[in-house]
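As a plain string of letters, each chain reads:
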Amino acid sequence: MKFFIDTADTSEIRTAAQLGILDGVTTNPSLIAKSGRPFKEVILEICELVDGPVSAEVTATDTEGMIREGREFASWADNIVVKIPLTPDGLKACKTLTDEGIGVNVTLCFSTNQALLAARAGATYISPFIGRLDDLGQSGMDLIEEIVAAYANYPNIHTQVLVASIRHPRHVAESALLGAHVATIPFNIIDKMFQHPLTDIGLEKFLKDWEKVPQA
Ligand code: E4P
């Protein structure tokens, strides 16, 4: 499974990249707003920091506007992936951009049928938002299971399942068990993935015992 980080905070991205486990970055307009920086400036800095796909989301809602924005973003750096919402206009834009060789991440997916439509439009990635479904009392993980199974029935589908809206480390483990290709993970959850109290206790004991080893 590949790990992307879901943030526009470049200090978080730098730290995660230094861990050596980072394959890419996803952003969205809310995350860009949270960074408090101009969109192009922050996306270009992220593209320098990470040697992998960086999703930059369009804000136009009509096909032509999305295509225009997508082409512009793609001209900024080789590793930009254009993020497009799962609407009829969005999927038309997705088809045009993917036909031009531009990577597209179709976002705001909440159903298997939406994921099938995105695959038909040639999306590079489909982003089902599992945490937001869980928030409604539905099962985000069931959606991942369905999409992975449905895509697996068709060898000509090359769209990668990018699990988004992750809320806790178990979401990542379960996505991997289901065979999702990518998880985009907030920084605080990447941090939690490293943690286990038995690791800390075990390390402390090893170091204490090491002090008893006679020095040569
Ligand atoms: C994914 O691409 C989105 O940016 C993100 O995962 C949304 O997560 P949220 O539901 O926590 O806002």
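The structure under discussion appears in the preceding block.
Residues numbered from 1 in each chain as written. Predicted model: local features only at pLDDT ≥ 70, side-chain atom pairs only at ≥ 80, totals over all residues. Heavy atoms only, no water.

Would you explain the site of the ligand in this entry?
As a structural note, the neighbourhood of the ligand is formed by Asp6, Thr26, Asn28, Lys83, Phe129, Arg132, Ala164, Ser165 and Arg167. A distance of 2.7 Å separates an oxygen atom of the ligand from a polar side-chain atom of Asp6. With respect to the ligand, the side chain of Arg167 contributes an N or O atom lying 2.8 Å from an oxygen atom. Look at the ligand: alone it shows 340 Å² of surface, and the protein chains cover 84% of it. Looking at the shell around the ligand, its residues break down into two nonpolar, three polar and four charged. (Near = heavy atom within 4 Å. Polar contact = N/O pair within 3.5 Å; in protein donor to acceptor, adjacent residues only side chain to side chain. Areas by Shrake-Rupley, 256 points an atom, 1.4 Å probe, with all protein chains shown as cover. Nonpolar A, V, L, I, M, F, W, Y, C, P; charged D, E, K, R; others polar.)

What should I look at first to understand the nonpolar core in this one?
The tendency in soluble globular proteins is for nonpolar side chains to be buried as a group. Counting residues in each nonpolar core, the largest one holds 57 residues, and the members touching the most others are Val106, Ile126 and Val161. At six residues, the largest contribution of residues to this core is made by helix 8 (residues 140-152). With five residues, the next largest nonpolar core counts Val81, Tyr125, Leu162 and Val182 among its residues. (Core = buried A, V, L, I, M, F, W, Y, C linked by side-chain atoms within 4.5 Å. Buried < 20%, exposed > 50% of the residue type's maximum accessible area, 1.4 Å probe, protein only. Helix = DSSP H or I, 4+ residues; strand = E, 2+ residues; numbered from the N terminus.)

Where do I start with unusual backbone geometry in this structure?
Glycine aside, the phi torsion of most residues is negative, and most peptide linkages are trans. Positive phi, close to 65°, is recorded for Leu108, a residue that is not glycine. Its place among the elements puts Leu108 in strand 5 (residues 104-109). Here Leu108 falls in the partly exposed class, since its relative accessible area comes to 31%. Of note, Ser165 is a non-glycine position whose phi angle comes to about 60°, a positive value. Residue position: Ser165 is located in the loop between strand 7 (160-163) and helix 9 (169-177).

Before we go on, may I ask you to explain the sheet that holds strand 2 (residues 24-26) in this structure?
To summarise the sheet geometry, strands pair through backbone hydrogen bonds and adopt either a parallel or an antiparallel arrangement. Taking strand neighbours around the barrel as the criterion, the eight strands line up as 1-2-3-4-5-6-7-8 in a closed arrangement whose pairing is parallel. Averaged over all adjacent pairs, the angle separating strand axes in this sheet is 30°, with direction ignored. Bridge analysis of strand 5 against strand 6 (residues 125-128) gives three bridges, and the strand direction is parallel. Bridge pairing links Asn105 to Tyr125 in strand 6. Lying over the sheet, helix 3 (residues 39-49) contacts strand 2, strand 3 (54-57) and strand 4 (80-85), oriented at roughly 170° with respect to strand 3. (Pairing = 2+ DSSP bridges. Axes fitted to C-alpha atoms, helices over the stretch in contact; angles between N-to-C directions. Contact = heavy atoms within 4.5 Å.)

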